[in-house]
Every structure is written in structure tokens, then in C-alpha cells.
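# Notes for the structure review
Here are the chains, one letter per residue:
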Amino acid sequence: YLDIMAAMGYPRDRLNLAGSLRFSSFSPPQYSADGPVLFALPYHLVAAPQMTRAASDLQRQGWKVLVKPHPRMPANIAAAPASILTHTPVADQQPLSAVVFAASSIGLEALAGAIPVIRFLPEGHLALDPLPPGVTVPAADSTNLASLLKEKHVVSCELRDYYGPVDFDIWRRLFTA
């Protein structure tokens, strides 16, 4: 990402790679063909409710699904049956057969576990694609989601290629300044 930021015009001598505290001791979620599909809701007012409805629709069709609300937007789950809600962190989930995400890094976390990933496209709105350049996954809206889930398209990646090691000295300076 330093190269991307530099190409955008940020002075390289002012850029530091501090790493992500979220990934300082990360272990990716596990895959199982028989596991549920996890819908990792984003911090997005339009995409999250649409994803919740899509998950509920798939459950009614016989799919095993889980809906994980974004920690900052738990109200987006009103349309989901309580039986499919989870607040368990992604890395601690039971083995998953696929992950559906939009505008969040959870897709990248699932790719690190070699789990099939689909980027959800909300109707009528844009949801940014947070995946790094060169990492592409299938994208679907609610009309073609089930067919893409059946394909089990797998792309794997190493998180260390996208998140640098944590530099605790930089973080200490930032938090004590």
C-alpha cells in the first residue's frame, strides 16, 4: 500500500507502515464445504439490510447461513431471524463454506483461509471494493448470489502480503502523543 499511496501523490518520506493491530495475532477462519455461508455485514446503511434480506431468502431456500452484524451497526439485523445471527469474530467462527461481504476487509480475511468469497453489490448504491489490486473475487447482487455460491470460486492470499508487521513503537508514539 505504500506504493499506492506514493503513486497518489503522498510524500513517501511521510509514510510509515505501522501494521494493523487487528492482525497482530491473526488466524484465518476455517473452510468446510458443509459449513454455513457467513454474511459479514458492512458499515453501510444500504448494503447491510440488503445482505440481511439475501441471507434470510437463502435460509428459506434451505441454505445454512449466518449473519454477522458490523460492530458499529448492530441495528442492521432487524430483518434477520435470531437463529442465524452471530456476534462471534470471523476468525472464531465455525468452519464456513463461503463468505459474502461488502465494503469491508472481512473478504480478505476469508481469502486468507482459502474460503470462497463473494463481494455483494447492493442495488442502487456503490459499495467500495476494499480488496487490494490484483485480488479479484466474484461479485453478486441478490438475484445471482445463490448461483455464484454454488460455484465455490476460491482465491487465496496471504495477509502478510497486504498487512505489514505491527510496529509497536509507531503505535506507542501515536497513542501517547
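This text follows the structure it describes.
Cut-offs and rules
- Residues numbered from 1 in each chain as written.
- Predicted model: local features only at pLDDT ≥ 70, side-chain atom pairs only at ≥ 80, totals over all residues.
- Heavy atoms only, no water.
- Helix = DSSP H or I, 4+ residues; strand = E, 2+ residues; numbered from the N terminus.
- Rg over C-alpha atoms; globule rule 2.2 N^0.38 Å.
- Buried < 20%, exposed > 50% of the residue type's maximum accessible area, 1.4 Å probe, protein only.
- Contact = heavy atoms within 4.5 Å.
- Lys, Arg positive; Asp, Glu negative; His and termini not counted.
- Charge placed at Lys NZ, Arg CZ, Asp CG, Glu CD.
- 1 Å grid on protein atoms, 1.4 Å probe; cavity = no way out; pocket = protein on both sides within 12 Å on 5 of 7 lines; lining within 4 Å.
- Points joined across faces, edges and corners; volume = space filled by probe spheres on them.
- Nonpolar A, V, L, I, M, F, W, Y, C, P; charged D, E, K, R; others polar.

Turning our eyes to something else, we now look at the overall build of the protein chain. In terms of regular secondary structure, the protein chain is built from five helices and five strands. Mapped in sequence order, the helices and strands of the protein chain form the string α-β-α-β-β-α-β-β-α-α. Scaling as 2.2 N^0.38, a compact globule of 177 residues should have a C-alpha radius of gyration of about 16 Å, and the protein chain matches this with 17 Å. Overall, the protein chain is about 55 × 30 × 30 Å in size when its C-alpha atoms are taken along their principal axes. Counting the 177 residues in the protein chain, one finds 43% classified as buried. Across the protein chain, contacts joining residues at least 24 apart in sequence account for 68% of those joining residues at least 6 apart. Averaging the positions of the 14 positive and the 14 negative side-chain charges in the protein chain gives two centres separated by 5 Å.

Under the definition given, this model contains one cavity of 30 Å³ or more. In this model, the largest cavity occupies a volume close to 40 Å³. Along its surface, the largest cavity is lined by Ala98, Pro116, Val117, Ile118, Pro138, Leu148, Leu149, Lys152 and His153. Within the residue set of the lining of the largest cavity, elements represented by two or more residues are strand S4 (117-120) and helix H4 (145-151). Tallied by class, residues from the lining of the largest cavity come to seven nonpolar, one polar and one charged.

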